[in-house]
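Close look at the chain arrangement
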Amino acid sequence: MNRIATRVTLLLFLMTLVYCNKAPNQVTAQSSGNTAAKRYHLKGKVVSIDKQAKMVNVDSEAIPGFMDAMTMPYQVKPDSELDKLAPGDEITADVVVEGDNGWLENIVVTRHSGAAEKGK
């Protein structure tokens, strides 16, 4: 009987650890459907922009609790956010993941590229 109580206590302890150790920058928000949208903080550098496809290719740092550092394309919402970006810009943004869909929101340019400065 003592062994069963010990195992149950250990199981509850492990479940508590898993729940308490969720990534601090991950916020869950309820969407209009039955699925929940998850948000992660991205920090990276704009590699390229495709305004027609409403996409930006970003070389990002690791996103704790989500993915390792990598370069990948993201859809941007609203697409008017693309107008303030140039290749080489350093940005922060929210990566929103809802089901199989993902996109960037709340993009902030933290440092403009040298190319963008020369073009002004």
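The structure this text deals with has already been given above.
Here goes a summary of the coordinates provided. (Residues numbered from 1 in each chain as written. Predicted model: local features only at pLDDT ≥ 70, side-chain atom pairs only at ≥ 80, totals over all residues. Heavy atoms only, no water.)

Examining the packing of aromatic side chains
This structure, assessed with the given rule, holds one aromatic pair. Seen from their ring centres, Y40 and F66 are 4.4 Å apart, and the 20° between their planes marks the pair as stacked. Remark: F66 occurs in the loop between β3 (55-60) and β4 (70-76) and Y40 occurs in strand β2 (residues 36-50); sequence separation between them is 26 residues. The side chain of K77 reaches across the aromatic face of W103, ending 3.9 Å from its centre. (Phe/Tyr/Trp six-rings, centres within 6.5 Å; stacked < 30°, edge-to-face > 60°. Helix = DSSP H or I, 4+ residues; strand = E, 2+ residues; numbered from the N terminus. Lys NZ or Arg CZ within 6 Å of the ring centre and 35° of its normal.)

Here we look at the pattern of salt bridges
Using the criterion set out here, one finds four salt bridges in the structure. A salt bridge links R39 to E105, with the nearest nitrogen and oxygen atoms 2.8 Å apart. Here the residue R39 occupies a position in strand β2, and E105 occupies one in strand β6 (residues 101-111), the gap between them amounting to 66 residues. As a salt-bridge pair, D79 and K54 come within 3.9 Å of each other at their nearest N and O atoms. Of this pair, D79 sits in the loop between β4 and β5 (90-98) while K54 sits in the loop between β2 and β3, placing them 25 residues apart in sequence. Classification of D79 by relative accessible area gives partly exposed; the value is 38%. Owing to a relative accessible area of 37%, K54 belongs among the partly exposed residues under this scheme. (Salt bridge = Lys/Arg side-chain N within 4 Å of Asp/Glu carboxyl O. Buried < 20%, exposed > 50% of the residue type's maximum accessible area, 1.4 Å probe, protein only.)

Let's talk about the pairing of β3
Looking down a regular strand, the side chains alternate between one sheet face and the other. Only one face of β3 is covered, namely the one carrying V56, V58 and S60; the face carrying M55, N57 and D59 has none of its residues buried. Pairing analysis gives six bridges linking β2 to β3, with the strands arranged antiparallel. Within β3, the position partnered with I49 by the bridge is V56. Hairpin connection between β2 and β3: a loop of four residues separates the two successive antiparallel strands, and K54 in this loop has a positive phi of roughly 60°. Here β3 runs beside β4; their pairing, made up of six bridges, is antiparallel. Bridge pairing in β4 links V58 to M72. (Pairing = 2+ DSSP bridges.)

Some words on the environment of V46
Its location among the elements puts V46 in strand β2. A residue is classified by how much of its surface remains accessible, and V46, at 3% relative accessible area, is buried. Taking C-alpha positions, V46 is 9.6 Å from V109, a pair spaced 63 residues apart along the chain. Setting aside residues no more than four positions away along its own chain, V46 makes contact with V56, N57, L85, A86, P87, G88, D89 and I91. (Contact = heavy atoms within 4.5 Å.)

What to know about the nonpolar core
L42, V56, Y74 and L104 are the most contacted members of the largest nonpolar core, which totals 16 residues. Put simply, the parts of the chain that give this core at least two residues each are β2, β3, β4, β5 and β6. The residues contacting V56, other than those within four sequence positions of it, are V46, S48, I49, M72, P73, Y74, V76, L82, L85 and L104. (Core = buried A, V, L, I, M, F, W, Y, C linked by side-chain atoms within 4.5 Å.)

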